[in-house]
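Spelled out from the first residue to the last, the chains are:
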Amino acid sequence: MTHDTATTAVPLPLARGDWELDPLHSAVNFTIRHLGIAKVRGRFNGVEAGLFVGETLGDVRVSATVDLASIDTGNADRDAHVRASDLLDVEKRPTMTYRSTRVSGGGEDWTMEGELTIGDVTRPLTLAVEFGGLMEVPVYGGRHAGFEAQGEIRRSEFGLDFAPGLLGEVVKIQLDMQFVEPTGA
């Protein structure tokens, strides 16, 4: 974790400890161009994530694992083809993982730098993060924190250079995440 005095002194709006993902109110979505003329939107339904809040901003850590076989573009035949060995090859690349290395910002607008790994390739990925706030939700247990994050990757940088011209090079990522405050916080 990278530390610098400009970011470690920022007051944190979240309680210390391990925040648990609320999977019912979280989503990992993506958009990619098809034939250069339209967008295909999809999501990954199998997501595990954690948020650790320490004493300072320099102690904040986020990690996530996405089951690539859980892709859902709203078309079962297309999803089966994307999972196959000539495209995403989920047998060879079953997961995508993210690990933050630095968080900076304040208020509603934050930046999270980290490393994204798909298969055996790891590349840096910076996400623009919007903090949606905190809400007491007794029905679902405790206080929830909401976040929206956006970023983009280039497929070829991860060895996913199949179907050039058919599929766009840039994949836009949008995350909508809710985390539940640690009990006793």
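Refer to the preceding data block for the structure.
These numbers come from a predicted model, not from an experiment.

J.: Got a sec to walk through the pairing of strand β7 (residues 95-106)? Specific residues and values, please.
T.: Two strands pair when backbone bridges link them, and strand β5 (residues 61-67) and β7 are joined in this way by five bridges, in the antiparallel orientation. The residue bridging S63 from the neighbouring strand is R99, located in β7. With ten bridges connecting them, β7 and strand β8 (residues 109-118) associate as antiparallel partners. Directly across from G106, in β8, lies its bridge partner D109.

J.: Hey, could you go over the pairing of strand β1 (residues 17-21) for me, with residue numbers and the actual values?
T.: Note: β1 against strand β4 (residues 47-53), four bridges, orientation antiparallel. The partner of G17 across the bridge, within β4, is V53. Relative to strand β11 (residues 167-180), β1 runs antiparallel, the two sharing two bridges. Along β11, the bridge assignment pairs E20 with V180.

Cut-off values and rules
- Residues numbered from 1 in each chain as written.
- Predicted model: local features only at pLDDT ≥ 70, side-chain atom pairs only at ≥ 80, totals over all residues.
- Heavy atoms only, no water.
- Pairing = 2+ DSSP bridges.
- Helix = DSSP H or I, 4+ residues; strand = E, 2+ residues; numbered from the N terminus.

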